[in-house]
Each structure stands twice: as structure tokens, then as C-alpha cells.
Amino acid sequence: MHEFQNLHSTSKARIQEFVRGHFYGHLDFNLEKTLFFFIAGRYEFSNKGADIFLESLSRLNYLLRVHRNDMTVVVFFIMPAKTNNFNVESLKGQAVRKQLWDTAHTVKEKFGKKLYDALLKGQIPDMNSILDRDDFTIMKRAIYATQRHSLPPVTTHNMLDDSTDPILSNVRRIGLFNSRNDRVKIIFHPEFLSSTSPLLPMDYEDFVRGCNLGVFPSYYEPWGYTPGECTVMGIPSVTTNLSGFGCFMEEHVSDPAAYGVYIVDRRFRSPEESCKQLTQFMFSFCQQSLRQRIIQRNRTERLSDLLDWKYLGRFYIHARHLALNRAFPDQFKTDSMAPLKTEGFRYPRPYSVPPSPSASIHSTPHHSDVEDDDDDDEPYDEDEEAERDRLNIKVPFVLGTVPEGKKKQPGESGN
């Protein structure tokens, strides 16, 4: 596996531990078939697209339930808001999880020692007698401690403006309260992440690596670092054509969705149509098999070359030359109409993706996440695809160098 795939697995395991504590008593879903979505940034409810995201989550929850999809989606909202402390119920959940972990290890140690002694004597131990009465008492107490009569909290902190908070108000409107029947669960973390937090001790970078999809359906975004950060970490993301990042990817990638960059059209479509498109993106993502998600993450990570300063720096250099030319036209001569030296850098559609966009995913909503290579008809060669992508990248333009194929003539200045 690639290093970023290993990092994804490690960070995802840490997020799963948090989820185990947060949903104690209601952990009736399979964490191995759970996807982690997130949105992060300044708390600008409409500008960051949290409004359309929440509405789409409501519809996604309906689709997953109607089609009896066994996938569960846990969505994190990482946006700083006014709070006074951690939620007691959230802290209690992590304490209960740790207590269960300690209990399991205590029983495991005793079980392992008795099993070891029996095997040394050449005996197969009686499983009914290998655990004594005290062990069963300890385990029953641990199970009793997980009993919960309330739903898992939506927010991890005590909000100062609970009744007027835009996210919580819309959560009440769409009715996603983390009930057992919901296939979409919401966790609002109104604080930036920190590795010193007693609740979710993770830095933002590690958290992003552990998630499956970043969703940023911004209505206004000059560039958009959050989907760019997802891309360089190999995590698929959702952006819009009203953000600089989304427009940049549309220009440089033939089929952005195949590379894990889903672009919602908020420029030419109505809010209702954009909401439907976002819902379809997320539902299609939920239908992917584990192997398909791994392939997509490989493709996404390869787009990081597009975001390298060796390439993006050319735009900065070009803009600086234009500014100098306009401020000091006598000293600096620049042809403003000349094309920027970035032609030829366009990622093709991956050869292993079928011609129809919908054919790259399983059409049935009942597709199982259990892997069976014999049933997966999508041909894929990681090395071959990576080489094809590299051939579409020109050597970055650097000031002071002579382009290949153009040698200096005798007497020609090097300036």
C-alpha cells in the first residue's frame, strides 16, 4: 500500500475509537461499513455551503433507508462557534469507552494465561470453565454501564446560542437526531481540532487523512484550501464551480469525478438542482466498494502535482510580470495577450474508467462492501495509470532556464 493509504487507515482507526465512545449504547451499525464525511472552515453558514449540505444529508438519509443500504455515514461539522465547555454526555461517552477497553484487556489477560497453561499441559481447555464467576460479573457490569436512555448528542460542546444556531436549527428542521433508524449521523464539533483535546485528540491533518470524503459546497470561495488539502492527502472531496479550486480542476482535469473531485454546479443551476446533484454525488460515493474507493484515493493523490508550487508558481510569476508592466511600462515589457506557459497540463480521463460516468459505480443500491475481485470488472493498473498521468505534465517553467530544444545562439545574451 502507498504511504498515504497507511496513514488513512491509522487515522481512520482513531476516528472510529471516538465514534465508539460518542455512540455508546446506540452502536448498532458496523464501523467497517461506515463512511466519514466532514466539512470544516469558518462558520459562514451560507458561504461555506452548510445549508445545502444539511439539506442534501437529509435526502441522502432517505435514499439509504429506502434502498436498504447497509452503509452508515457519520458527518462531522468542524466549525468554531461560541461555547462554554465540552458536553458532559460527550465526555462521559469517551470515559465509558475507555472503561470497556480496560475491562476487555483485563479479562483477555486472564483468559490468555489460562489458555497458555492448558496448552502447555497438552490439553484443550474447557471454554465454559476458563472464565470464572468474577470475570462474568466484571463483563456484566461493563455492559450495564453502556446502557443509555437518551440519543447520542449532535454537538460535542455546550452551545451558548443553542436555539438560534444555524446548524442546530437546521438539524432540528430535517430531524437528524442520531436515532437508530438514521443512516446518516451528525456530529457538530464547534471548535478547531487539537491533539491536546480530551474529546477528539487529533490534529486537523490527521483527521482529514482518516475521513473518506470532504464536502465543501461553497457559494463563495476565491480559492478554497480545504478541498486542496484533501487532494494532496489523497482524500476525495466535493467543491463547486463558484470556487477557484473547482474552476481550476475543471480546466485541468478531463473527468474530475474519476479523480475524486466532485464539482457541484452552483453557477448555472438553481439551489434545488444543486442540492439534488450533491445528494447524487454522496449517494454514488456510498455505493462504491472498498476497492473502488482505494483506486479513487490513488487517483486523487496523484493530482497533488497540480497543486505543487512548481506549477502554481507560474501563475504568480505571470501576474507579477503583468503588474510590473502596468506600473512601469518603460522598464518592463510584457505581452499581456501571450498565452501562459501552462499548456499541455491536463489530466485525461483514466483509461480504466468506462465511457459512461455512471458505469464506474455499481448500479444496484444493494451492492455489498465485501470485496471479491472476481466480481469487479473494472480493469486497473496503478503503475500504468500513474505513468499516463506523468506524461501529461510538462516540466515546470523556471525563470532563467532555456526551454528544451532552444539553445543559445552565439552572441546571444543570457538575460
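Overview of the structure. As a convention, each chain's residues are numbered from 1 in the sequence order in which they are written. Totals for whole chains, interfaces and linings use every residue, but because this is a predicted model, local features are given only for residues with pLDDT of at least 70 and side-chain atom pairs only at 80 or more, for both listing and counting. The side-chain quantities take in all heavy atoms of the structure and omit both hydrogens and water.

On to helix α5 (residues 166-174), then. To sort residues, take the accessible area from a 1.4 Å probe on protein chains only and compare it with the maximum for the residue type: under 20% means buried, over 50% means exposed, and anything in between is partly exposed. Helix and strand assignments follow DSSP, with helices taken as H or I runs no shorter than four residues and strands as E runs no shorter than two, numbered in order from the N terminus. When α5 is considered as a whole, its buried residues turn out to be I167, L168, N170, V171 and I174. Along α5, the residues classed as buried sweep out an arc of 165 degrees about the axis, all on the same side. Its buried side turned inward, α5 meets α2 (50-66), β2 (72-78), β4 (157-159) and β5 (184-189). Under this definition, polar contacts are N or O atom pairs within 3.5 Å; protein pairs additionally need one hydrogen-donor-capable and one acceptor-capable atom, and for neighbouring residues in sequence, both atoms have to be side-chain atoms. With a side-chain oxygen positioned 3.2 Å from the backbone nitrogen of I167, the residue opening α5 is D165. Downstream of α5 by a residue or two, G175 has a phi angle that is positive, lying close to 75 degrees. Comment: arc refers to directions from the helix axis out to C-beta atoms. Two residues form a contact once any of their heavy atoms are found within 4.5 Å.

The next thing to look at is unusual backbone geometry. Located in the positive-phi region is R68, a residue other than glycine, with phi close to 55 degrees. Along the polypeptide, R68 turns up in the loop between α2 and β2. For R68, a relative accessible area of 71% corresponds to the exposed category.

Next up on the list: the nonpolar core. V19, F37, L57, L60, F76, F77 and F207 are the most contacted members of the largest nonpolar core, which totals 63 residues. Buried Ala, Val, Leu, Ile, Met, Phe, Trp, Tyr and Cys residues that are joined via side-chain atoms within 4.5 Å together make up what is termed a nonpolar core. Counting 13 residues, the second largest nonpolar core, distinct from the first, contains F248, V253, Y259 and L307.

The strand order across the open sheet formed by six strands is β5-β2-β1-β6-β7-β8, and the pairing between neighbours is parallel. Bordering the open sheet on either side are β5 and β8 (261-264), each of which pairs with just one other strand. Shown here is a sheet whose adjacent strand axes are inclined to one another by a mean of 25 degrees, direction ignored. The pairing criterion is simple: DSSP has to find at least two bridges between the two strands. Pairing between strand β7 (residues 237-240) and β8: four bridges, direction parallel. Its bridge partner lying in β8, T239 is registered against I263. Of the strands in this sheet, β1 (34-40), β2, β5 and β6 (213-215) are in contact with α2, which crosses β2 at around 170 degrees. Across the face of the sheet, helix α9 (residues 271-287) comes into contact with β1, β2, β6, β7 and β8 while running at roughly 160 degrees to β8. Working convention: axes come from line fits to C-alpha atoms, limited for helices to the stretch in contact. Angles between N-to-C directions cover 0 to 180 degrees.

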